[in-house]
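Architecture and fold: a report
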Amino acid sequence: MDRPLLPLRSALVFLLAALSGVVAGGLAWLAGEGAARGVLAGLTVTGLATAFFDRLITPGPGETCGKAHDRG
């Protein structure tokens, strides 16, 4: 295999989203919310952070985002 499984941008988006979820879940647990609420908070933040970082990190010059194609 010559190409990676995920492009660098996608891997970075997923990594930052997972890191945000772990931090949010850990902070919720440390605040005394319990393990179940900490996990729910972490999963929620991970889902929201995926969309946030996807919009925040712009595609590279060789990538297309699928939203602004010239179809003319």
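A few points on the structure. What you are looking at is a predicted structure, and each value in this text was computed from that prediction instead of being measured. What you see as residue numbers is a count from 1 along each chain, following the sequence as written. Only residues with pLDDT of at least 70 get local features here, since the model is predicted, and only at 80 or more are side-chain atom pairs given and counted; chain-wide, interface and lining totals rely on the full set of residues. The side-chain values count all of the structure's non-hydrogen atoms but skip hydrogen atoms and water molecules.

This paragraph deals with the packing of aromatic side chains. Two rings belonging to Phe, Tyr or Trp (six-membered ring only in the last case) form a pair when the distance between their centres is within 6.5 Å. Interplanar angles under 30 degrees mark stacking, angles over 60 mark edge-to-face geometry, and anything in between is tilted. This model, assessed by the stated rule, comprises one aromatic pair. With 5.2 Å between their ring centres and 65° between their planes, F52 and F53 make a pair best called edge-to-face.

Turning our eyes to something else, we now look at the nonpolar core. Grouped together as the largest cluster of nonpolar side chains are five residues: V13, A17, A49, F53 and I57. Strands here are runs of E lasting at least two residues and helices are runs of H or I lasting at least four, both read from the DSSP assignment and numbered beginning at the N terminus. At the level of elements, α1 (8-30) and α2 (35-56) are the ones that each hand at least two residues to this core. Apart from the residues within four sequence positions on either side, F53 is in contact with V13, L16, A17 and S20. What we call a nonpolar core is a set of buried Ala, Val, Leu, Ile, Met, Phe, Trp, Tyr and Cys residues that are connected through their side-chain atoms within 4.5 Å. Buried means the residue's accessible area, taken with a 1.4 Å probe over protein chains only, is under 20% of the maximum for its type, while exposed means over 50%, and partly exposed covers the values in between. By the convention used here, residues are in contact when the closest approach between their heavy atoms is within 4.5 Å.

We now examine the pattern of salt bridges. Any Lys or Arg side-chain nitrogen located within 4 Å of an Asp or Glu carboxyl oxygen qualifies as a salt bridge. Summed over the entire model, instances satisfying the criterion amount to two salt bridges. Between D54 and R9 there is a salt bridge, and its shortest N-O distance comes to 2.8 Å. Taken as a pair, D54 in helix α2 and R9 in helix α1 lie far apart in primary sequence, 45 residues in all. We classify D54 as partly exposed; its relative accessible area is 32%.

The next subject is the side chain of R9. Given the relative accessible area of 16%, R9 is considered buried. Pairing of N or O atoms within 3.5 Å defines a polar contact, subject to two protein rules: one partner must be a possible hydrogen donor and the other a possible acceptor, and residues neighboring in sequence count only if both atoms are side-chain atoms. Among the polar contacts made by the side chain of R9, one reaches the main-chain carbonyl oxygen of D54 at a distance of 2.7 Å.

Moving on, we get to α2. To estimate the expected span of a helix, count its residues, drop one, and scale the result by 1.5 Å. With 22 residues, α2 should reach 32 Å at 1.5 Å per residue; the first-to-last C-alpha distance of 30 Å fits that figure. Within α2, burial applies to G38, G42, A49 and F53.

In this model, α1 (23 residues) spans 33 Å end to end at C-alpha, consistent with the 33 Å of a helix rising 1.5 Å per residue. For α1, every residue scored as buried is listed here: R9, V13, A17, G21, G25 and A28. Count one or two residues on from α1 and you reach G32, which has phi positive near 95°.

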